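# Structural features, examined
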Amino acid sequence: MYQHDGSPFFNLKATNGQVIGKSEMYSSAAACENGIESVKKNAPEAEVVEELE
């Protein structure tokens, strides 16, 4: 996802679809992907669903 100014970020959602967290704004898509990888590493049981806008 991208903020209005173009900064990439991601949302954390519960299984019911409710947003339960929002990442920081990243300086690049690659940095955002690294943030997602960090969450995946620290929550290995979590499902990852990508929604591109």
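Treat the numbers as computed from the prediction; the structure is a model and nothing was measured.

Analysis parameters
- What you see as residue numbers is a count from 1 along each chain, following the sequence as written.
- Since the coordinates come from a predicted model, pLDDT governs what is reported: local features require at least 70, and pairs of side-chain atoms require 80 or more to be given and counted, while whole-chain, interface and lining totals use all residues.
- The side-chain values count all of the structure's non-hydrogen atoms but skip hydrogen atoms and water molecules.
- Pairing between two strands is assigned when DSSP locates at least 2 bridges connecting them.
- Labels follow the DSSP assignment, with helices taken as runs of H or I lasting at least four residues and strands as runs of E lasting at least two, numbered in each case from the N terminus.
- A simple rule labels every residue: compare its accessible area, found with a 1.4 Å probe on the protein chains alone, to the largest value its type can have, and call it buried under 20%, exposed over 50%, or partly exposed in between.
- Throughout, a contact is declared for two residues whenever any of their heavy atoms are within 4.5 Å.
- Expected helix span is given by 1.5 Å per residue-to-residue step, counting one fewer step than there are residues.
- The directions considered for the arc run from the helix axis to the C-beta atoms.
- Pairing of aromatic rings covers Phe, Tyr and Trp, the last counted by its six-membered ring, and requires centre-to-centre distances within 6.5 Å; plane angles under 30 degrees mean stacked, over 60 mean edge-to-face, and any other angle means tilted.

### Notes on the pairing of strand β2 (residues 19–22)
Consecutive side chains of a regular strand alternate in pointing toward one face of the sheet and then the other. Inspection of the sheet shows strand β1 (residues 11–13) paired to β2 by three bridges, in the antiparallel sense. Residue pairing for β2: Leu12 is matched across the bridge by Gly21. Between β1 and β2, which pair antiparallel in sequence order, lie five residues; one of them, Gly17, sits at a positive phi of approximately 90°.

### Description of the environment of Tyr26
Mapped onto the elements, Tyr26 comes out in the loop between β2 and α1 (29–42). Residue classification places Tyr26 among the buried residues on the basis of a relative accessible area of 15%. If near-sequence neighbours (up to four positions away) are discounted, Tyr26 is found in contact with Ser7, Pro8, Phe9, Phe10, Ala31, Cys32 and Gly35.

### Regarding α1
Given a rise of 1.5 Å per residue, 14 residues ought to cover 20 Å, and the 20 Å separating the end C-alpha atoms of α1 matches this to within 8%. Turning to α1, its buried residues are Cys32, Gly35 and Ile36. Buried residues of α1 fall within an arc of 100° about the axis and therefore sit on the same side. Exposed residues pointing more than 90 degrees away from the buried face of α1 are listed as Ala30, Asn34 and Lys41.

### Brief notes about the packing of aromatic side chains
Each pair of aromatic rings is reported with the distance of its centres and the angle of its planes. Taken as a whole and assessed by the stated rule, the structure comprises one aromatic pair. Relative to Tyr26, the ring of Phe10 lies with its centre 6.2 Å away and its plane at 15°, an arrangement referred to as stacked. Highlighted residues: Phe10 in the segment before β1 and Tyr26 in the loop between β2 and α1, separated in sequence by 16 residues. Residue Phe10 shares its accessibility class with Tyr26, and that shared class is buried.

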